[in-house]
Amino acid sequence: MKRHHWSPMLASCVFLVACGDDPGAPPGGATAAGGDPFASAASVSVAVPETGRRYVRLSDASVVTPPDPSTSRDWDLALQGYEVFTNSGPSGAGEGAAFGPLTKQECAGDRAPVVPFLWADRTGGAFLDWYAYDGASHLVYSRQHVYGVRAGDRAWKVQVIGYYGDQHGAPTPALYGVRYAELGGGDGAARTVQVDGTAGGVSAAPGAASGCLDLATGAVAALTEGEAQASTGWHLCFRRDAIIVNGEAGGPGGVVAADLSPGDASTETLDRVKALTAEQQLARFDAVTREDVAAAAMRGDHVVSTFDREGWVDWTHGPPAPADAGWLVLDASGGNKSLVAFGAFEGSTASSPGTVALRIKPVRD
Amino acid sequence: MKGIRLSVAAALLAGAASGADPGDVVVTGTRTPEASQRATVKTDVVTRAEAERRGATTVAEALASQPGVQVNPGAYGYLGGISPIQIQGFDLGRVLILEDGEPVIGDIGGAIDLSTIPIGDVQRIEIVTGPTSALYGSNAIGGVINIITARPRDEGWSGRGRAEARSRRGALLQAATALRRDRRWVAVDAGLTRQDGVVAREGLPDLSVPDSARSLVGVRAGTSLTDDADVQVRARWLRQNQEGLRSQEYPGLGRYVISEPSTTDRVALHLQELVRFGRGSSLRLSLGRQWSRRVSSSAPEGSPVGQEQHKSQGLQSLEATMTLADGPRTWVAGARFQARDFSQHLVRRESVGGELVTRDEEQIAPATRAIAALYGQLQWRVGERLTVLPGVRGEAHGRQGSVVAPRLAAALRPSERWTLRASAGRGFRAPSAEELGFNFDHSMYGYKVAGNPDLAPERSWGVNGDVTWRPDGRTTLRGGGFMTWVEDLIDVDLGAGAASGAVITYTYRNFERVRTVGAQLGATFRVADGFRAEVTYDHLWTRDDSAGLPLPGRPPHTVTSSLRWEVPWRLELYARSRYVSDAFVDRATRTPGYETIDLRVGRAISTDGQLYAGVLNLLDVRQEPGRIGDMRPPAGRVVYLGVRATIHGEDNP
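The structure displayed is predicted, hence computed values, not measured ones.

Draft legend 1. Representation of the overall build of chain B in the model. Secondary structure assignment for chain B yields five helices and 38 strands. On C-alpha atoms alone, chain B measures out to a radius of gyration of 25 Å, which is about the 26 Å that the 2.2 N^0.38 rule sets for 653 residues. Dimensions of chain B, computed from C-alpha atoms along their principal axes, come out at roughly 80 × 55 × 45 Å. Among the 653 residues that make up chain B, the fraction classed as buried is 55%. When contacts within chain B are restricted to residue pairs at least 6 apart in sequence, those whose partners lie at least 24 apart make up 61%. Summing over all exposed atoms, chain B offers an accessible surface of approximately 25,900 Å²; the carbon and sulfur share of this is 58%. With 80 positive and 74 negative side-chain charges, chain B shows a spacing of 4 Å between the two charge centroids.

Draft legend 2. Molecular detail of the environment of Val 95 of chain B. Residues and elements named next belong to chain B. Within the secondary structure layout, Val 95 lies in strand S6 (residues 95-99). Sequence separation between Val 95 and Pro 84 is eleven residues; the distance between their C-alpha atoms is 8.9 Å. Contacts of Val 95, omitting those with residues within four sequence positions, involve Ile 85, Ile 87, Phe 90, Asn 139, Gly 143 and Ile 145.

Draft legend 3. Expanded view of the sheet that holds strand S8 (residues 124-129) of chain B. Residue and element names in this part refer to chain B. Taken in spatial order, the five strands line up as S3-S8-S9-S6-S7 in an open sheet, and their pairing is mixed. Looking at which strands have only one partner, the edges of the open sheet turn out to be strand S3 (43-47) and strand S7 (102-103). Relative to S7, S6 runs antiparallel, the two sharing two bridges. Counterpart to Leu 98 in the pairing with S7 is Pro 103.

Draft legend 4. Highlighting the side chain of Asn 464 of chain B. All names here are of chain B. One can find Asn 464 in strand S27 (residues 458-472). A distance of 2.7 Å separates the side chain of Asn 464 from the side chain of Gln 88, its partner in a polar contact. Setting aside its immediate chain neighbours within four residues, Asn 464 contacts Gln 88, Thr 129, Gly 130, Pro 131, Arg 421, Ala 422, Ser 423, Gly 481 and Phe 482.

Draft legend 5. Representation of the pairing of strand S24 (residues 337-346) of chain A in the model. All names here are of chain A. For S24, a buried count of eight out of ten residues is recorded, marking the element as mostly surrounded by other parts of the structure. Sheet topology note: the strand S23 (residues 326-330)/S24 ladder contains four bridges and is antiparallel. Counted as the bridge partner of Leu 330 is Lys 337 from S24. Two successive antiparallel strands, S23 and S24, enclose a turn made up of six residues, where Gly 334 displays a positive phi of approximately 80°. Looking at chain direction, S24 and strand S25 (residues 355-363) are connected through eight bridges and run antiparallel. The residue of S25 that forms the bridge with Ser 338 is Pro 362.

Draft legend 6. Molecular detail of the pattern of salt bridges. Residue and element names in this part refer to chain B. Applying the stated criterion across every chain, the model contains 65 salt bridges over all chains. Between Arg 239 and Asp 265 there is a salt bridge whose closest N-O contact spans 2.7 Å. Here Arg 239, found in strand S16 (residues 229-250), pairs with Asp 265, found in strand S17 (residues 254-278); they are 26 residues apart in sequence, far enough to count as distant. Using a relative accessible area of 31% as the deciding quantity, one classes Arg 239 as partly exposed. Residues participating in the shared-partner salt-bridge network are Glu 50, Arg 53, Arg 54, Arg 564, Glu 566, Glu 572, Arg 576 and Arg 600.

Draft legend 7. Spotlight on the side chain of Asp 301 of chain A. Residues and elements named next belong to chain A. The topology assignment puts Asp 301 in the loop between helix H5 (290-295) and strand S20 (302-304). As a buried residue without a salt bridge, Asp 301 has its nearest oppositely charged side chain in Arg 299, at a separation of 8.7 Å. Here Val 245 takes part through its backbone nitrogen, which lies 3.1 Å from a polar atom of the side chain of Asp 301. Those residues in contact with Asp 301, other than ones at most four positions away along the chain, are Gly 124, Gly 125, Ala 126, Ile 243, Ile 244, Val 245, Gly 247, Glu 248, Ala 249 and Gly 250.

Draft legend 8. How the structure looks around the packing of aromatic side chains. Here the structure, examined in full by the defined rule, presents 20 aromatic pairs over all chains. Ring geometry for Trp 130 of chain A against Tyr 163 of chain A: centres 5.6 Å apart, planes inclined by 55°, an arrangement best described as tilted. Taken as a pair, Trp 130 of chain A in the loop between strand S8 (122-124) and strand S9 (131-134) and Tyr 163 of chain A in strand S12 (residues 154-167) lie far apart in primary sequence, 33 residues in all. The ring of Phe 285 of chain A is capped by Arg 179 of chain A, whose NZ or CZ atom sits 5.6 Å from the centre of that ring. Lying across the ring of Tyr 640 of chain B, Arg 166 of chain B places its NZ or CZ 5.0 Å from the centre.

Draft legend 9. Highlighting unusual backbone geometry. Of note, the amide linkage connecting Gly 100 of chain A to Pro 101 of chain A takes the cis form, showing an omega dihedral of 0°. In this fold, Pro 101 of chain A is placed in strand S6 (residues 97-102). Unlike most non-glycine residues, Arg 169 of chain B shows phi in positive territory, near 50°. Its place among the elements puts Arg 169 of chain B in the loop between strand S10 (156-166) and strand S11 (170-181). Overall, Arg 169 of chain B belongs to the exposed group, its relative accessible area being 61%.

Draft legend 10. Here's a closer look at the state of the cysteines. Residues and elements named next belong to chain A. Scanning the entire structure with this criterion turns up one disulfide over all chains. At a sulfur-sulfur separation of 1.7 Å, the disulfide partner of Cys 212 is Cys 237. Of this pair, Cys 212 sits in strand S15 (residues 210-213) while Cys 237 sits in strand S17 (residues 236-239), and the two are 25 residues apart along the sequence. As far as burial versus exposure is concerned, Cys 212 and Cys 237 are alike and both buried.

Draft legend 11. How the structure looks around a nonpolar patch on the surface. All names here are of chain B. Side chains of Val 233, Leu 271, Leu 287, Leu 318 and Phe 337 sit close together on the surface and give an oily, nonpolar patch of about 440 Å² of accessible area. One can find Leu 318 in strand S19 (residues 306-326). On the accessibility criterion, Leu 318 (45% relative accessible area) is partly exposed.

Draft legend 12. Summary view of the sheet that holds strand S14 (residues 191-196) of chain A. All names here are of chain A. Read across the open sheet, the five strands follow the order S14-S13-S12-S11-S19; overall the sheet is antiparallel. Two strands lie at the open edges of the sheet, namely S14 and strand S19 (256-259), each paired on one side alone. Taking each pair of neighbouring strands and ignoring which way they run, the sheet shows an average axis angle of 30°.

Draft legend 13. How the structure looks around the nonpolar core. Of all hydrophobic cores here, the largest spans 34 residues; its most connected members are Phe 127, Trp 130 and Tyr 176 of chain A. Looking at this core element by element, the count peaks at five residues for S12 of chain A. Those residues within four positions of Phe 127 of chain A in sequence are excluded, and the remaining contacts are Tyr 147, Val 149, Leu 236, Ile 243, Val 245 and Ala 257 of chain A. Ranked by size, the runner-up nonpolar core spans 27 residues in total, among them Phe 99 and Trp 119 of chain A together with Ile 490 and Tyr 508 of chain B.

Draft legend 14. Representation of the confidence of the model for chain B. Residue and element names in this part refer to chain B. Confidence in the prediction for chain B averages 89 pLDDT; 92% of positions are at 70 or higher. This stretch, residues 1-23, has a pLDDT under 50; its non-local contacts, to residues over four places away or in other chains, come to 47 contacts. Confidence drops under a pLDDT of 50 for residues 75-80, and excluding neighbours within four residues, the segment shows 16 contacts in the predicted structure.

Draft legend 15. Looking closely at the pairing of S16 of chain B. Residues and elements named next belong to chain B. Judged from the 15 bridges that link them, strand S15 (residues 211-226) and S16 form a sheet pairing that is antiparallel. Paired with Ser 224 across the two strands is Asp 230, which belongs to S16. If you look at the hairpin formed by S15 and S16, you'll find two residues sitting between the two strands. By the bridge criterion, 22 bridges tie S16 to S17 in an arrangement that is antiparallel. In the strand pairing of S17, Gln 248 is matched with Tyr 256.

Draft legend 16. Fine view of the environment of Tyr 133 of chain A. Mapped onto the secondary structure, Tyr 133 of chain A falls in strand S9. In this structure the side chain of Tyr 133 of chain A is engaged in a polar contact, spanning 2.5 Å, whose partner is the side chain of His 138 of chain A.

Draft legend 17. The arrangement of the environment of Ala 62 of chain B in detail. Residue and element names in this part refer to chain B. For Ala 62, the location among the structural elements is in helix H3 (residues 59-63). Judged by its relative accessible area of 0%, Ala 62 is buried. Each C-alpha atom of the pair Ala 62 and Arg 48 lies 8.7 Å from the other, and the pair is 14 residues apart in sequence. If near-sequence neighbours (up to four positions away) are discounted, Ala 62 is found in contact with Val 46, Ala 51, Arg 54, Ala 56 and Ile 125.

Draft legend 18. Structural view of the confidence of the model for chain A. Across chain A, pLDDT averages 86, with 90% of residues at or above 70. Here residues 1-19 of chain A is a poorly scored stretch, pLDDT under 50, and it has twelve contacts once near neighbours within four places are set aside; other chains count.

Cut-off values and rules
Residues numbered from 1 in each chain as written. Chains lettered and ligands numbered in written order. Predicted model: local features only at pLDDT ≥ 70, side-chain atom pairs only at ≥ 80, totals over all residues. Heavy atoms only, no water. Helix = DSSP H or I, 4+ residues; strand = E, 2+ residues; numbered from the N terminus. Rg over C-alpha atoms; globule rule 2.2 N^0.38 Å. Buried < 20%, exposed > 50% of the residue type's maximum accessible area, 1.4 Å probe, protein only. Contact = heavy atoms within 4.5 Å. Areas by Shrake-Rupley, 256 points an atom, 1.4 Å probe, with all protein chains shown as cover. Lys, Arg positive; Asp, Glu negative; His and termini not counted. Charge placed at Lys NZ, Arg CZ, Asp CG, Glu CD. Pairing = 2+ DSSP bridges. Polar contact = N/O pair within 3.5 Å; in protein donor to acceptor, adjacent residues only side chain to side chain. Salt bridge = Lys/Arg side-chain N within 4 Å of Asp/Glu carboxyl O. Phe/Tyr/Trp six-rings, centres within 6.5 Å; stacked < 30°, edge-to-face > 60°. Lys NZ or Arg CZ within 6 Å of the ring centre and 35° of its normal. Disulfide = S-S within 2.5 Å. Patch = residues over 30% accessible without salt bridge, like charges linked within 9 Å, V, L, I, M, F, W, Y side chains within 5 Å. Axes fitted to C-alpha atoms, helices over the stretch in contact; angles between N-to-C directions. Core = buried A, V, L, I, M, F, W, Y, C linked by side-chain atoms within 4.5 Å. pLDDT = per-residue confidence, 0-100.

Listed below in C-alpha cells is the structure:
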C-alpha cells in the first residue's frame, strides 16, 4: 500500500532529474551538419573594379548605382578592390554595420546569430589593435608591439609601453608611455616620453584637446580633433584609447605606419599580454631595424570595416579566393539584418577579386 | 460571529494577521484574509519565530533556505552582497517585494536587496508564487513577497528584545515596545546590526562582502475613529552603511587599494483607514509615501580622485479597496494611483592635465512616472468544496501603454484530506527608470549603455497547480507544478551593440522570450508532538528562447529539509539543510552545486524567552573569489549566540 502511494512521486522524481538544463540546439533550430546554410540565399554577381566602387542593396540582392553614394541610403555594401564597406561612419550616411567572420555553422537557420556587437565603419590603421582589453577589470594592456612610422625619408620605430600614469595618488588612464627611436638618421637613441591622451577626461566633450607627438622633435602638443586634422606638425596623436597616424584619413601629414610585430592570435592571449612589461620588451624594440620598416606595407589611417582584407579573402592557396565564412550585416536603415557570404572569384588579380558572387540570406532577430 | 468578522477586519486593516495565532491567516494571494491551509491561492509563510530558528537577522536570511525560492547573495555585484530573490526562475524586477502590501522601492539594477530589510518588526513573510499582476500590477511575474508587520497582540504594555553576537565581530540588538488599550495602540521598534566583511583573498585587502552596519527605527500606531472605522499609521526608517574594499594591479604602476563605501536610507510612511459596513464588507483607504537615497563612492585610498553616485527614488500612492461580502461571494474592487520618481547622477573627480576637475553627470534625468490601476476580483465559494476566484487588473503606464492582467484561480477540497488548487494568469513588468533613461558612459573602456524610452512592458502567462494530501493529522504531502512564458523580456542587447569609432553602444530592448517550468514535491511529518520533519524537492527548467540556452544561475534541482525537535529540559533542536545543484552560467561555465547545513539549539529561559546558539553554513561552503556566476554563500560559516525575551502585557502573562 505504501509503495503504491510513493510510486508516482518517485516516477516524477526520476522524470524531473532527467530534465537537466543542458544547452539545447542553436537558435533557429537548424544545424549545419553537412548542409549549406546559404542554400536558400539570394545571389548577385558583382564585377569589382580596382578603383571606384560597386554598390549592393541587400533587400533585393541587386547592384545599384546611387546618384550620390555619400548621402544615399539605397546601398548596403560597397566593394572596391579587396575592400568591402558598409553604409556607415566615414563610408556612408546610413546606419549600417557588420560583424564577422562567422563560421558556416553559426550562419545556419533563419535567425540572426548572437554576436557581441556590430561594427560601423571607422578610421584607423596600424595602431588599431595596439592593446588588449580585460573586460573583467576594465583595464587596457599594451601588446608592446613595435610599429614602424615613416614621414618622407625619415623613419622611426615606436612602442607603446604604458597606458596608465599616477596623478594625485590615483591611476589615470590615457597617460601614454611611448618609447621611440629614429632609424637611419639622427642619433638613433631610444627615448621615452609621456603623452597625455586623456582628451579632457572621461566625461569631456568629444573632440577635446589631446596629446599629439612630433617624433622628429619629441614635442607634444595638445590639439583638438579639428586642429589635428589641419596640422602637419605631428606624427602620432593619442586620443583616449586611440592612436592616430597623420596620413590619409588621419591627417594631412603624409605619415604612414605599420605594425612590425603583428600578433599571432593563437598565442597572444590576454593573459600573455598582461604578463608583458616594458623592460622585458625592450629587446623586441631594439631588434627592429630600418630594413624592417622599409619592407613593411605602410599606410596612413584609412576607412576600415569588419570585412578585413585578411578575413574575407583566403590568400593561402594560390590565387585569392573567398574565405569559407559568413558575415552578419545590418542594412543602411539600421533595421534589417542579413547573413552574407562570398562565392567564387572570377578573373581575380592582385588588386581585385574580379567578379564576386554575393550570397545574401535575410535573418530575423 | 461578530468576533470573527472583527478579527478578519482587523487583519484586513493591518494587511496582516489578527491577534490570532500567527501564520493562521494569510492575505497576499487573494487580498482577503484566509486560513493558510485553506487559502484559494497557495501561500507559504515564514513566521518571525521560524525566521529566528533559521538564524535570520534579515529577510534575505529568513528566505535563504525557503523551498521554491533562491536568494542569491552577491550574485549581482562584487560588492554590497546584494541579495535579490528568485522565484520560478525570475528575479530582479520580476518578483514584487511588498511591505504591508506596499511596493518596496530602492532597487539596485532591479534588485530589491532583501539583506537590507531587518526582521526586527516583521511578524511574518508571505510568499505567493506565479503571476500575481491581476492583484498587484507590475513586477509580479515570478511571484510576490509580502513582508508583514502586525499590531501588538497583548493588552497593556509589552516588550520584546533580542541580543546576539556573531562571527566576524557581528552584533545584533533588537528592541520593541508596545502599548495597547482596547483598539488604540502604539508600537516602537528599533534595531542595530553590524558585522565585519569577508576577506576575498588572503594577503589582499579585498572584501567579497563589505563591512556593514544597519539600523531600523519604526513607529506604528492605530486607533478607532468610530465603532466602524479604524486608522493605522506606520513610519519606518532604515539605514545601511557598507564599507567595501578592493584592490587592483595597474600595469606599470602597481597595486591600488580602492575604498567603496555606500550609505542607503529608506523612509516609508503609510496611512490606512478601514471602514466596516458589516457582514464582512469594508472599504480600505491607503496613502503611502517612500523615499530612498543611496550614495555610493569609489576612490583610491588617500586620493582626491574618485567618483560618487547619487541615486534617488520616491513613491507616492493612493489606493482604495472595497470588499463586499455577499454570502458565498466576496467581491474586491480597487483603484490605485501612484507616482514614482527617479534620478541618478555621478559626481566624478578626475585628474585632467594634472589638475583636479569635478564634473557632475546626469545618468538618469529626474523623471516622474505615474500609473493608474483598476482591479477587481470575485471570490466565490461554490458550495463547501469549491472556490472560484476570477480577477483582472488594468494599468495605464503613459507612454509605455496599458496592460490588462487577468487571473483565474480555483481551489477544490473534495474532502478534509485533499486540497487541489490551480490558477492561470498574466503577469507583467513595466520598464524601469534605468531601462527607459539610463545613460552609462564607459567610452573610456569602449562601451556605453543607453536607455530606451520606447520600451514596452514585459508580458507573461503562467499556470500553477498544487495538490495537498493529509492522510492523517501528522503527515502532509504536497506536489505542484508551474509553467510560465514571458514575451518582450527587457535586457541589454549584447548581440546588437552599435559600434561607432572605438565605442560600442548597447541599449535595452524588448527582445527576449523566456520559458520556465518547475515542480515541487514536499512532505511534512509530525512524528510526535515535539518533533517535526520537513523535506521539499524543487525542480526548475528554464529556456531563453532567443539564445536557445537555459537562463544563467537557475539551479535545476534543490532539496531543502529541516528537523525541529523539542527535547526535555526545555531544549529545542533545529537543523536545516539545503542542497542546490550546479547550474548553467554560459556554454563554457557552470556554477558549482553545494550543500549547506544550519544547526541551532535553544533553551527556554522563561515563558517566552530563549537562550540560543547556532551555526549557519556548518560546512563552510563559500564563493570562490572572481569565479563568474558562483552562487554559493559568500560569507562562509557563521556562529552565533544570543538571547531573546518577550514581556507580555498585563492581561496576557
